[in-house]
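As a plain string of letters, each chain reads:
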Amino acid sequence: MALVLPSRWPVLGRAASWQAHRAGWFAATLLTAFLAAHGPAAAAGATPAGQTEDVVQLLTRIQQAARKQDYAGVFMYQQGDVIQSSRLVHVLDGTGERERLEILDGQPREYLRHNDDVQCLIPERKTVLVERRRGDRFPGLLLGDPANLSEHYKIRTEPTPHRVAGRECRLITIEPLDKLRYGYRLCADVETNLLLKAQTLNAARGVVEQVSFTSLRLGSEVDPQSLSSRWNTRDWKVLEASMQPVDLAAQGWRIPAPNGFKTIMQVSRAMKRGLPVSQMVLSDGLAAISVFIEPYDSQRNNQPAHGASQRGAINVYGARIADFWLTAVGEVPAATLEQLAQATEYVPPAPAAAAPAPAPAEGGAK
């Protein structure tokens, strides 16, 4: 799809897959159990400072595991009764990261990545779409610095080991401390810290969507030749998604970020019919929200509906503001997007003051 949504897991029909929430996690359980048994009691609900620090470090190691290792396997994405399988190959060489993601169900799609540059192959149109990717694609996880995650989530590891794709993994539970975000349940490989499985949980702890490796090879078992596409794209059309940085506040937009979310990107891109669409991406380090702003067109067919809609963990909220249409998209509860959209304001910038007329020259006509 044209707009890059902030979801982490691969979603059917999406031009940027969950290839969107990814990575693996944690090891402080034994230390925590020892301190609980032999140390002074902590306040109810509080997380010991040392444990918080260890968990944050573990999140960082999981993110690094997704970027700094060779691995290949098949993973399954599930959203309700919809299941999609994908084959992933990731290799680190002298030029950085190289990756090939092949969607195995439905319309054939391939994503070829070199560091942050991605080529999306669309065989039925003989088209290559060139774009840039976020760093949280499965099995990656984080968007930005995880240092403040403990202010918004309760993160803990479970003592009982689990198995995913034939490998032992640690189970990590991430519970939101407010109603602005979802929770997560993750399983990270004990030996490598690579994320093997991730689930997104709603307020009732029900699974909204999940992604999991079903087979996995690591290190020397990965053949770099499997990075090669099976498609010959020599005569295909190449489209590059051009983006320009923008300052939405300078343009008059007042977009209040939910508590704990920070702006990580502001860009403008040309969409269908050449109309500009501005995008702001907000993240708390785990969850992400994209805000799209485009000129309102009352004559357009398929005018988006005002209000909320949902697909799995992805919620969408649309609203008209002045002569613009705002769409907030995110893997957060619908109420979070509604709150953001309804609090957003557009204040047209004041016109530039006219330059003062030049003073008459000395001795000029009176």
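Each value, and the rule that gives it
- Residues numbered from 1 in each chain as written.
- Predicted model: local features only at pLDDT ≥ 70, side-chain atom pairs only at ≥ 80, totals over all residues.
- Heavy atoms only, no water.
- Helix = DSSP H or I, 4+ residues; strand = E, 2+ residues; numbered from the N terminus.
- Buried < 20%, exposed > 50% of the residue type's maximum accessible area, 1.4 Å probe, protein only.
- Areas by Shrake-Rupley, 256 points an atom, 1.4 Å probe, with all protein chains shown as cover.
- Disulfide = S-S within 2.5 Å.
- Pairing = 2+ DSSP bridges.
- Lys, Arg positive; Asp, Glu negative; His and termini not counted.
- Salt bridge = Lys/Arg side-chain N within 4 Å of Asp/Glu carboxyl O.
- Polar contact = N/O pair within 3.5 Å; in protein donor to acceptor, adjacent residues only side chain to side chain.
- Phe/Tyr/Trp six-rings, centres within 6.5 Å; stacked < 30°, edge-to-face > 60°.
- Lys NZ or Arg CZ within 6 Å of the ring centre and 35° of its normal.
- Axes fitted to C-alpha atoms, helices over the stretch in contact; angles between N-to-C directions.

Draft legend 1. Layout of the overall build of the protein chain. Secondary structure summary: the protein chain contains three helices and 22 strands in total. When burial is assessed residue by residue, the protein chain has 47% of its 366 residues classed as buried. Only carbon and sulfur atoms are counted for the fraction: they give 52% of the accessible area of the protein chain, which is about 18,300 Å².

Draft legend 2. Representation of the state of the cysteines within the structure. Taken as a whole and judged by the stated rule, the model has one disulfide. Disulfide partner of C169: C187, at an S-S distance of 2.2 Å. For the disulfide bridge between C169 and C187, the dihedral angle about the S-S bond is near 80°, and by the sign convention the bridge is right-handed. Placement of C169 in strand β9 (residues 167-176) and of C187 in strand β10 (residues 183-189) is noted, with a sequence separation of 18 residues between them. Given a relative accessible area of 0%, C169 falls into the buried group.

Draft legend 3. The arrangement of the pairing of strand β21 (residues 324-330) in detail. When you tally the buried positions in β21, you get six out of seven residues, the bulk of the element. With seven bridges connecting them, strand β18 (residues 288-295) and β21 associate as antiparallel partners. Counterpart to S290 in the pairing with β21 is V329. Pairing of strand β20 (residues 314-321) with β21, which is carried by seven bridges, proceeds in the antiparallel orientation.

Draft legend 4. Highlighting the side chain of R269. Inspection of the secondary structure assignment puts R269 in strand β16 (residues 262-270). Of the side chains bearing the opposite charge, E131 lies closest to the buried R269, which forms no salt bridge; the N-O distance is 6.1 Å. In this structure the side chain of R269 is engaged in a polar contact, spanning 2.4 Å, whose partner is the side chain of Q279.

Draft legend 5. Seen up close, the packing of aromatic side chains. A complete count under the given rule lists nine aromatic pairs for this structure. Ring geometry for F138 and F213: centres 5.1 Å apart, planes at 40°, overall tilted. Of this pair, F138 sits in the loop between β6 (127-132) and β7 (153-157) while F213 sits in strand β12 (residues 207-218); the two residues are 75 residues apart in sequence, bridging distant segments of the chain. On the basis of relative accessible area, F213 is assigned to the buried category, the value being 2%. Aromatic side chains W253 and Y346 sit 4.8 Å apart centroid to centroid with 40° between the ring planes, which places their arrangement in the tilted category. Taken together, the residues W253 in strand β15 (residues 253-254) and Y346 in strand β22 (residues 345-346) connect sequence positions 93 residues apart. The structure contains a cluster of three or more aromatic residues connected by ring pairs, namely F75, F138 and F213. Its guanidinium or amino end placed over the ring of Y153, R181 lies 5.8 Å from that ring's centre, counting from NZ or CZ.

Draft legend 6. Structural context of the sheet that holds β20. Within the open sheet, the seven strands sit side by side as β14-β16-β17-β18-β21-β20-β19. Their pairing is antiparallel. Each of the sheet's edge strands pairs with one partner strand only, and the pair in question is β14 (243-245) and β19 (307-311). Each neighbouring strand pair of the sheet contributes to a mean axis angle of 25°, computed without reference to strand direction.

Draft legend 7. Examining unusual backbone geometry more closely. Residue P139 is bonded to the preceding F138 through a cis peptide linkage, with omega at 5°. On the secondary structure map, P139 appears in the loop between β6 and β7. The backbone phi angle of R205 is positive, close to 65°, even though this residue is not glycine. For R205, the location among the structural elements is in the loop between β11 (195-201) and β12. By relative accessible area, R205 is classed as exposed at 53%. Not every positive phi belongs to a glycine, and A322 is a case in point at roughly 55°.

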